[in-house]
Amino acid sequence: MPDAVIIDALRTPIGKRNGSLADVHPVDLSAHVLRALQRRTGIDPAVIDDVIWGCVNQVGDQAAQIGRYSVLAAGWPDSIPALTVNRACGSSQSAFDFAAGLVRSGHYDVVIAGGVESMSRVPLGAGRELGRPFGPMVRSRYSSDLTSGRFPNEDFNQGIGAEMIACAWGLSRSQLDEFSARSHELAGAAIDDGTFAGQLIDVPDKPGFVADEGVRRGTTVDTLAALKPSFQEDGVIHAGNASQISDGASATLITTPEKARELGVVPIARYVAGAVAGSDPVQMLTGPIPATEKLLGKTGFAITDIGVFEVNEAFAPVPLAWQATFGVSDKALNPLGGAIAVGHPLGASGTVLMTRMLHYMRDKGIRYGLQTMCEGGGTANATLVELL
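Described below are features of the structure shown in this document. Quantities reported herein were computed from a predicted structural model and do not represent experimental measurements.

**What about the packing of aromatic side chains?**
Now for step 1: In the structure shown here, the tally under the stated rule is 6 aromatic pairs.
Now for step 2: Ring geometry for F301 versus Y368: centroids 4.8 Å apart, planes at 80°, classification edge-to-face. Of the two residues, F301 is situated in the loop between helix 10 (288–299) and strand 8 (308–311) and Y368 in strand 9 (residues 368–375); the sequence distance between them amounts to 67 residues.
Now for step 3: Residue class for F301 comes out buried when judged on its relative accessible area of 18%.
Now for step 4: A residue is classified by how much of its surface remains accessible, and Y368, at 12% relative accessible area, is buried.
Now for step 5: Residue placement shows R11 over the ring face of F196; its charged tip is 5.0 Å from the ring centre.

Here is the structure:
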């Protein structure tokens, strides 16, 4: 089986809700990052076998197979196909895993994997206005949990799931807020140091938009203490220790070592393995733990073999529960901050995290990196890559 290697990974700066990217159509935003990836690698778009694109809320401006229309907006040949995938928050991480698997199988030679979400233009949960998701059979299966009094409107609720995780792992509000303040501090320092400069694209007509704009400098536990709980009156989850609603796009280019030599491009990293796992859909957000365990089991790696970890900060209890389970040091976990500080543009976040991690690995000479993220419905992806 051939290896799959990553040639490059790029992203837009992440825009806050109704911020710098709010007036950019998500198809155009996708096209901008596709064009930037093509320009930087110098490849002829005609060699691309497929574009696999993540997007969560596929309604309104993001409906009608947004991956395909993003390719057309990029001005690439009509012959280049595209696929839009949805695994909730892990959509573009799944796109990345699918692309690597197709390359390793020999089915494709060159694939772009990435994703987009404009949460300013297509609000979170917009599709639910058209009907009632989940269906009566799912609801009846979990009815004893959903009618326990903890869930508004007898619905699956990620915020309540985060509250349940905090309770199960004994995480106090102060611990969650300390982690959240750290996220802002690390992200701000990375922006100031120019750490992200090599991975960000210029967005046309946005000349002043050069950095993730959700970071709130000077955030402390004391400033976060003033925020009211969002999901339970006596809860610990609030707007300051949850991910921000955001806009953004990201993309990676994946091929074989042989094709890379033929095209005259040099890989950043090798795809080692990926795993996806399901977990309790009511608690919902613990999936990164079994996904990581599954990945370690299939590769034979120990957690200590890996030098850096990106665990998506959907809510602060998610990475903290994962960290407590695997005993990973603070230094190795989300060293550049995360979605609490910079935002979580759903369909783009998987390859946003991969982009951040790959460039950090190259900057610091770290051989192995692992990325994992929780997803609505109680699933999660985990992916392991090796620096070349």
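So, next bit.
**Quick look at the pairing of strand 9**
Now for step 1: Within strand 9, 8 of the 8 residues are buried, leaving the element largely enclosed by the surrounding structure.
Now for step 2: Neither face of strand 9 is left uncovered, since the one carrying Y368, L370, T372 and C374 and the one carrying G369, Q371, M373 and E375 both have all their residues buried.
Now for step 3: With 4 bridges connecting them, strand 8 and strand 9 associate as parallel partners. Bridge pairing in strand 9 places F309 opposite L370.
Now for step 4: Where strand 9 meets strand 10 (residues 379–387), 8 bridges bridge the pair, whose relative direction is antiparallel. Across the sheet, residue L370 finds its bridge partner in strand 10, namely L384.

**Points about the nonpolar core**
Now for step 1: With 47 residues, the main nonpolar core has F309 and W322 as its most contacted residues.
Now for step 2: At the level of elements, helix 6 (158–168), helix 7 (173–193), strand 7 (269–278), helix 10, strand 8, helix 11 (317–326), strand 9 and strand 10 are the ones that each hand at least two residues to this core.
Now for step 3: If sequence neighbours within four positions are ignored, W322 has contacts with P288, I289, T292, I303, F309, V311, V328, L333, L370 and T372.

Reading the values: the criteria
Sequence positions are assigned chain by chain, starting from 1 and proceeding in written order. This being a predicted model, a pLDDT of at least 70 is required before a residue's local features are given, and a value of 80 or more before pairs of side-chain atoms are given or counted; all residues contribute to the totals for chains, interfaces and linings. To get the side-chain values, take all heavy atoms of the structure and skip hydrogens and water. Any pair of Phe, Tyr and Trp rings, taking the six-membered ring for Trp, is counted once the centres come within 6.5 Å. Such a pair is stacked with planes under 30 degrees apart, edge-to-face with planes over 60 apart, and tilted for the rest. A run of H or I in DSSP counts as a helix once it spans at least four residues, and a run of E counts as a strand once it spans at least two, with each numbered from the N terminus. Three labels apply to residues, based on accessible area from a 1.4 Å probe with only protein chains included: buried if under 20% of the type maximum, exposed if over 50%, partly exposed otherwise in between. In our convention, an over-ring charge means Lys NZ or Arg CZ found within 6 Å of a ring centre and within 35 degrees of that ring's normal. Here the rule is simple: two strands pair whenever DSSP picks up at least two bridges between them. Buried Ala, Val, Leu, Ile, Met, Phe, Trp, Tyr and Cys residues that are joined via side-chain atoms within 4.5 Å together make up what is termed a nonpolar core. Working rule for contacts: check all heavy atoms of both residues, and any pair within 4.5 Å makes them a contact.

These values are about where atoms sit, not about what they do.
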